[in-house]
Amino acid sequence: MSLTSDPPLSKAPERADPEDYSALKVVPVRHPWRWVAVAVTAVLVAQFAHGLITNPGWEWDVFAAFFTTETILKAVWITLQLTFYGTALGFALGIVLAFMRLSRSPFMKSVAFTYIWAFRSIPLIVQLLFWFNLTYLYKKLDFGIPFGPGFFSFDTAGLVGAMSAAVLGLALHQAAYAAEIVRGGVIAVDAGQLEAAAALGIPRLRQLRRVVLPQAMRSILPNAANEVISLFKGTSIVSVMAIGELFYQVQVVYGRNGRVVPLLMVATVWYIILTTLLSIAQYYVERHFSRGATR
């Protein structure tokens, strides 16, 4: 054996292919507390449903007797009218206020900001009572030259009734929130969209109608739908003006027969049904404006 020869090298052990996972044992992650939470929640839901069915205090026979009476159906219709007019007028004014805040005129911005600040600060019930008592503040309205002579006037005694005051109060209150919703949706549109539209020579009005608003609606719709649903339920506050909407009529009925719980359930179920319909309509409108959007 040569003294200068190196010792024979030992054969290195073969290593497993790091990409070969077939030999690994896969153990799923266990979530025992998740199943405990599911079991507890299921028991609570079952107990609540059992109580709704078996507890005689709910008086479901009284509920069924009043749910579709003529008085309740008329009250539901008045509630829908208040919601529709308050939403339509409120968002129409809100759009104007939103673009006033987005304008370059400091005066327009100040007026819109002041309106939004004031109507979001004053409670809705106070606004409704102010409009309901407009006659106390202004006996008559004059039309003519500002700060000058009036050409004709009329009394305000029959001008603003209870229903008109309710619609006016709801609409003006809703406009303050709608303005911020619309403004937030408009400023959410990337400025590059307007720059590209301007580079193509598209007029500003068409830029707003065909470029800005379709994209802004994706941000506006969820918040706007929440406001509409809140307004729908918030119409119950006009009961202080003795308007025969749903909650007021329910109060009148259970004030006569003393069946408070089943009559409150009548109002509750109607609110749930109509809110569900509004939510379904929201889903389809959002899907329409989401066409082409990347999710």
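In short, a report on the structure. All values reported here derive from a predicted model rather than from experimental measurement.

A few words now on the overall build of the chain. Across its full length, the chain carries 11 helices and 2 strands. Going residue by residue from the N terminus, the α and β elements of the chain occur as α-α-α-α-α-α-β-β-α-α-α-α-α. Expressed as a percentage of the 295 residues in the chain, the buried residues total 27%. Within the chain, residue pairs in contact and separated by at least 24 positions form 73% of the contacts whose partners lie at least 6 positions apart. Only carbon and sulfur atoms are counted for the fraction: they give 65% of the accessible area of the chain, which is about 20,200 Å².

Bringing the environment of alanine 88 into the picture now. With respect to the secondary-structure elements, alanine 88 resides in helix H3 (residues 70-101). Residue classification places alanine 88 among the partly exposed residues on the basis of a relative accessible area of 36%. Considered as a pair, alanine 88 and alanine 171 are 83 residues apart in the sequence and their alpha carbons are 7.8 Å apart.

Going through the model one piece at a time under the given rule, you end up with 4 salt bridges. Salt-bridge contacts for glutamate 59 lead to arginine 259; the nearest nitrogen and oxygen are separated by 2.9 Å. With a gap of 200 residues between them, glutamate 59 in the loop between helix H1 (32-54) and helix H2 (60-66) and arginine 259 in the loop between helix H10 (246-257) and helix H11 (260-289) connect regions that are remote in the sequence. Relative accessible area serves as the criterion here: at 36%, arginine 259 is assigned to the partly exposed category. With a shortest N-O distance of 3.1 Å, glutamate 180 and arginine 101 are connected by a salt bridge. Residue glutamate 180 is located in helix H7 (residues 162-187), and its partner arginine 101 is located in helix H3; the two are separated by 79 residues in the primary sequence. Residues joined in a network through salt bridges with shared partners are Arg101, Glu180 and Arg183.

In this structure, Ile72, Val76, Leu246, Val250, Val266 and Trp270 are the most contacted members of the largest nonpolar core, which totals 17 residues. Elements represented by at least two residues in this core include exactly H2, H3, H10 and H11. Top contributing element to this core by residue count: H11, with 7 residues. Leave out the neighbours within four places in its chain, and valine 266 touches Phe63, Phe66, Phe67 and Ile72. The next biggest cluster of nonpolar side chains, apart from the first, holds 13 residues, and it includes Val160, Ala165, Leu170 and Val238.

Here we come to the packing of H3 against helix H4 (residues 106-121). Running from N to C, H3 and H4 point in directions that differ by 135 degrees, and their axes come no closer than 7 Å. By the angle between their axes, H3 is oblique relative to H4. Viewed along their axes, H3 and H4 form a crossing whose handedness is left-handed. Together, Leu93, Leu97, Met100 and Arg101 of H3 and Met108, Lys109, Val111, Ala112, Phe113, Tyr115 and Ile116 of H4 make up the contact between the two elements. Partitioned by chemical class, the residues of the contact of H3 with H4 number 9 nonpolar, no polar and 2 charged.

What follows covers the packing of aromatic side chains. Summed over the entire model, instances satisfying the criterion amount to 8 aromatic pairs. Centre to centre, the rings of phenylalanine 84 and tyrosine 85 are 5.5 Å apart; their planes meet at 65 degrees, and the pair counts as edge-to-face.

Attention now moves to a nonpolar patch on the surface. A cluster of nonpolar side chains, Ile122, Ile125, Val126, Leu129, Phe130, Phe132, Tyr136, Leu137, Tyr138 and Val240, forms an exposed patch at the surface whose accessible area comes to about 940 Å². Among the secondary structure elements, those contributing two or more residues to the nonpolar patch are helix H5 (124-132) and helix H6 (134-137). The biggest single contributor to the nonpolar patch is H5, with 5 residues. By relative accessible area, which is 47% here, tyrosine 138 ends up partly exposed.

Mapped onto the fold, serine 239 is located in the loop between helix H9 (204-234) and H10. When near neighbours in sequence (up to four residues on either side) are disregarded, serine 239 contacts Glu245, Phe247, Tyr248 and Gln251.

What counts, and at which threshold
Residues numbered from 1 in each chain as written. Predicted model: local features only at pLDDT ≥ 70, side-chain atom pairs only at ≥ 80, totals over all residues. Heavy atoms only, no water. Helix = DSSP H or I, 4+ residues; strand = E, 2+ residues; numbered from the N terminus. Buried < 20%, exposed > 50% of the residue type's maximum accessible area, 1.4 Å probe, protein only. Contact = heavy atoms within 4.5 Å. Areas by Shrake-Rupley, 256 points an atom, 1.4 Å probe, with all protein chains shown as cover. Salt bridge = Lys/Arg side-chain N within 4 Å of Asp/Glu carboxyl O. Core = buried A, V, L, I, M, F, W, Y, C linked by side-chain atoms within 4.5 Å. Axes fitted to C-alpha atoms, helices over the stretch in contact; angles between N-to-C directions. Parallel < 35°, antiparallel > 145°, perpendicular 65-115°, else oblique. Left-handed = near helix turned anticlockwise from the far one by under 90°. Nonpolar A, V, L, I, M, F, W, Y, C, P; charged D, E, K, R; others polar. Phe/Tyr/Trp six-rings, centres within 6.5 Å; stacked < 30°, edge-to-face > 60°. Patch = residues over 30% accessible without salt bridge, like charges linked within 9 Å, V, L, I, M, F, W, Y side chains within 5 Å.

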